[in-house]
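Coordinate inspection notes
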Amino acid sequence: MFGLDKPAGQQEPGRSGGLPKMASVGDFNVLSSSIPATKVELSVSCRNLLDRDTFSKSDPICVLYTQAIGNKEWREFGRTEVIDNTLNPDFVRKFIMDYFFEERENLRFDFYDVDSKSPNLSKHDFLGQMFCTLGEIVGSQGSRLEKSIVGIPGKKCGTVIVTAEELGCCRDSVLMQFCANKLDKKDFFGKSDPFLVFHRSNEDGSFTICHKTEVVKNTLNPVWQAFKISVRALCNGDYDRTIKVEVYDWDRDGSHDFIGEFTTSYRELSRGQSQFNVYEVINPKKKGKKKKYVNSGTVTLLSFLIETEVSFLDYIKGGTQINFTVAIDFTASNGNPLQPTSLHYMNPYQLNAYGMALRAVGEIIQDYDSDKMFPALGFGARLPPDGRVSHEFALNGNPQNPYCHGIDGVMEAYYRSLKSVQLYGPTNFAPVINHVARYAASVKDGSQYFVLLIVTDGVISDMAQTKESIVNASKLPMSIIIVGVGPAEFDAMEELDGDVVRISSRGRFAERDIVQFVPFRDYIDRSGNHVLSMARLAKDVLAEIPEQFLSYMRVRGIKPSPAPPPYTPPIHVLQTQI
């Protein structure tokens, strides 16, 4: 593999279902570790490249660059092999990249005609380049993006076809069960209270905790409950990577006694129950001190079952579209848009907080919507000509067709509205939630999923109605993102988020958690780097969407549609002019 890994988002690894009944081991360690993203493999083909060689055809190579978020610097990620004498290469070497739905990964593919053995690209003829995002490739039909190669003025440089394939190991989970025999006795008055801690090794040789079993009380021969863990979390998809397992004796005060440890790998474990999967538990200190030391007991694998999960990308590849709607708070508490203190201030030199939130989230989501047409709504304003108050008006002034083209179209309609409507009140969310819910209710077959972004300055006036709307919407293929801008207290929003307590209305609980709330002020970069602020905001508000999406599909028993068959355009033999 010739990719560069980057740190993944924080997630909690899978925990065994038996925890609440057992003694808690939660005080043992902060159990949060980076779980790598799913990995996708990019394949590159070109058609009708420029011919730069006089007596034969070009000898092309593809070089992939990724862009750093903060300083926008392009870094080389990898190169394909060189294919001699062709204008229609199908490169064999793939690029394997980490994929995060919630991050915008800018890519640049450069093509060169290789004229010598030199690794220095400036020594070779440039054939053009193509810019895109990883989301654009994944979000294209069949996860296959075809684009023109550009970069040489006045020349047709041909086309490039990039396909993305999710690596199989990324979606496998394993169900494992272990028992132990004759563990060391650590407790003065009774036997030990053993539990296991699993760590995967990192590239630098360090270890990251990835699972902890429950505690089995007062025994030296415990049988732990079976637990499920993703292969990604266990070994980052590398079957030969070391997995270290530590055995501890639980103590109420958190000072758990170390019994011993052993190492294994996914490949060894996958042999299942056999003599290969009985491990001696070794305590290195005891081993060093006692000549007759044999071990501190044994741990045996009782069962090992691989399960392949369907993933978010399976649905996207099968053609599920993500429909994005924005709703903007036009209440008077935002302040007069002509004043610099207003949250809606139209600064000619930089985006206001509303603009930043819209762009940060919208630029990522638009890659998953083929027509790039987004309904944009406003609420809490008086509309011309008669000054009636509306909580669900089209920013483009056309209630029959509130769609704007791309995020640029949404921004344009937002700025136009600010000049024509009067900020008023109150702050009602229910009408815009119900607006999107009506659309979501009409397509429950898994072909479409709806994401509503509400940007607001705060205090909500119709809390009871909003809760009712969210509980109703939790049965539909939709998610709601709320970004709070300005200095207000957002306590009510935290309640809608439902991460701590599931939201309910009149005794009915939401079927699933569909709301994600973040205060924009938490993302203001101290150095004034808005690009970083927006990237962090997008990462946090979008991170939960794939899981919310999958929870809807699982509850409804909807399977992904098969991906369309791969299509490669016919090779046209073109006479190219030098």
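Quantities reported herein were computed from a predicted structural model and do not represent experimental measurements.

1. Concerning the overall build of the chain
From N to C terminus, the chain includes 12 helices and 30 strands. In the chain, which comprises 578 residues, the share counted as buried stands at 55%. Taking the intrachain contacts of the chain between residues at least 6 apart in sequence as the baseline, contacts between residues at least 24 apart amount to 72%. Accessible surface, the chain: about 26,500 Å² in total, of which carbon and sulfur atoms supply 52%. Distance between charge centroids for the chain: 3 Å, based on 64 positive and 70 negative side chains.

2. Some remarks on the UniProt feature "domain: VWFA" (unreviewed entry) in the chain
The sites that UniProt annotates as "domain: VWFA" (unreviewed entry) are residues 323–524. Along residues 323–524, the helical share is 29% and the strand share 26%, with 28 Å between the first and last C-alpha atoms.

3. Brief notes about the domain arrangement of the chain
We note that the domain assignment places domain 1 (38–167), domain 2 (172–308) and domain 3 (336–556) within the chain. Taken over C-alpha atoms, the centre of domain 2 sits 46 Å from the centre of domain 3.

4. Some remarks on the packing of helix H6 (residues 353–365) against helix H11 (residues 530–542)
Contact pair H6 / H11: the axes reach a minimum separation of 9 Å and the direction vectors enclose 60 degrees. On the basis of their axis angle, the class for H6 and H11 is oblique. Our pair here, H6 against H11, has a crossing hand that is right-handed. Contacts between H6 and H11 pair Met356, Ala357, Arg359, Ala360, Val361, Ile364 and Ile365 from the former with His530, Met534, Leu537, Ala538, Val541 and Leu542 from the latter.

5. What about unusual backbone geometry?
Going from Pro384 to Pro385, the amide bond is cis rather than trans, its omega being 0 degrees. Among the structural elements, Pro385 can be located in the loop between strand S21 (381–383) and strand S22 (388–390). With a phi close to 60 degrees, Asn85 is a non-glycine residue in the positive phi region. Within the secondary structure layout, Asn85 lies in the loop between strand S5 (74–79) and strand S6 (95–99). Phi is positive for Ser143, which is not a glycine, with a value near 50 degrees. Judged by relative accessible area, Ser143 falls into the buried class, the value being 4%.

6. Overview of the state of the cysteines
Structurally, a disulfide amounts to a covalent bond that connects the sulfur atoms of two cysteines. Evaluation of the coordinates by the stated rule reveals zero disulfides. In this structure Cys132 is not part of a disulfide, and its nearest cysteine sulfur, from Cys62, lies 10 Å away.

7. Describing a negative patch on the surface
A cluster of acidic residues, Glu489, Asp491, Glu494, Asp499, Asp522 and Asp540, forms a negative patch at the surface. Along the polypeptide, Asp540 turns up in helix H11.

8. Examining the packing of H6 against helix H7 (residues 406–420)
Interaxial distance between H6 and H7 falls to 10 Å at its minimum, and their mutual angle equals 160 degrees. One way to sum up the angle between H6 and H7 is to call them roughly antiparallel. Taken as a pair, H6 and H7 cross one another with a handedness that is right-handed. Residues Tyr354, Gly355, Leu358, Arg359, Gly362 and Glu363 of H6 form the contact with H7, whose participating residues are Ile407, Asp408, Val410, Met411 and Tyr414. Residue composition of the contact of H6 with H7, grouped by class: six nonpolar, two polar and three charged.

9. Thoughts on the packing of aromatic side chains
Under the definition given, this model contains 24 aromatic pairs. Positioned above the aromatic ring of Phe207, the side-chain terminus of Lys244 is 4.4 Å from the ring centre.

10. Some points on the pairing of strand S3 (residues 38–47)
Within S3, nine of the 10 residues are buried, which leaves it mostly tucked inside the rest of the structure. Sheet topology note: the S3/S6 ladder contains five bridges and is antiparallel. Bridged to Lys39 within S6 is Asp98.

11. Here's the deal with the sheet that holds strand S7 (residues 106–113)
Strand order in the open sheet formed by four strands is S5-S4-S7-S8, with antiparallel pairing between adjacent strands. On the outer flanks of this sheet lie S5 and strand S8 (125–133), each paired with one strand and no other. Taking each pair of neighbouring strands and ignoring which way they run, the sheet shows an average axis angle of 25 degrees. Pairing analysis gives five bridges linking strand S4 (residues 60–67) to S5, with the strands arranged antiparallel. By the bridge assignment for S5, Leu64 is matched with Gly78.

12. Thoughts on the nonpolar core
One finds Leu42, Phe109, Phe111, Ile137, Phe330, Val483 and Leu542 to be the most contacted residues of the largest nonpolar core, which totals 87 residues. Composition of this core by domain shows at least three residues from each of domain 1 (38–167) and domain 3 (336–556). Those residues within four positions of Phe109 in sequence are excluded, and the remaining contacts are Leu42, Val44, Cys62, Val63, Leu64, Phe95, Gly128, Gln129, Met130, Cys132, Ile137 and Val162. Listed in part, the 34 residues of the second largest apolar core include Val174, Val245, Tyr248 and Val299.

13. What about the sheet that holds strand S15 (residues 242–249)?
In spatial order, the strands read S13-S12-S15-S16; together these four strands make up an open sheet with antiparallel pairing. In this open sheet, the two edge strands, each paired with only one partner strand, are strand S13 (207–212) and strand S16 (257–265). Each strand of the sheet is rotated relative to its neighbour by a mean of 30 degrees, with strand direction disregarded. Bridge count between strand S12 (residues 194–201) and S13: five bridges; the pairing is antiparallel. Paired with His199 across the two strands is Ile209, which belongs to S13.

14. As for the pattern of salt bridges
Taken as a whole and assessed by the stated rule, the structure comprises 23 salt bridges. Between Asp90 and Arg47 there is a salt bridge whose closest N-O contact spans 3.0 Å. A residue pair is termed long-range when its members are at least 10 positions apart, and Asp90 in the loop between S5 and S6 and Arg47 in strand S3 qualify at 43 residues. For Arg47, a relative accessible area of 4% translates into the label buried.

Definitions and cut-offs
Residues numbered from 1 in each chain as written. Predicted model: local features only at pLDDT ≥ 70, side-chain atom pairs only at ≥ 80, totals over all residues. Heavy atoms only, no water. Helix = DSSP H or I, 4+ residues; strand = E, 2+ residues; numbered from the N terminus. Buried < 20%, exposed > 50% of the residue type's maximum accessible area, 1.4 Å probe, protein only. Contact = heavy atoms within 4.5 Å. Areas by Shrake-Rupley, 256 points an atom, 1.4 Å probe, with all protein chains shown as cover. Lys, Arg positive; Asp, Glu negative; His and termini not counted. Charge placed at Lys NZ, Arg CZ, Asp CG, Glu CD. UniProt positions renumbered as here; feature names shortened; annotations may be inferred. Domains from an automatic or database assignment. Axes fitted to C-alpha atoms, helices over the stretch in contact; angles between N-to-C directions. Parallel < 35°, antiparallel > 145°, perpendicular 65-115°, else oblique. Left-handed = near helix turned anticlockwise from the far one by under 90°. Disulfide = S-S within 2.5 Å. Patch = residues over 30% accessible without salt bridge, like charges linked within 9 Å, V, L, I, M, F, W, Y side chains within 5 Å. Salt bridge = Lys/Arg side-chain N within 4 Å of Asp/Glu carboxyl O. Nonpolar A, V, L, I, M, F, W, Y, C, P; charged D, E, K, R; others polar. Phe/Tyr/Trp six-rings, centres within 6.5 Å; stacked < 30°, edge-to-face > 60°. Lys NZ or Arg CZ within 6 Å of the ring centre and 35° of its normal. Pairing = 2+ DSSP bridges. Core = buried A, V, L, I, M, F, W, Y, C linked by side-chain atoms within 4.5 Å.

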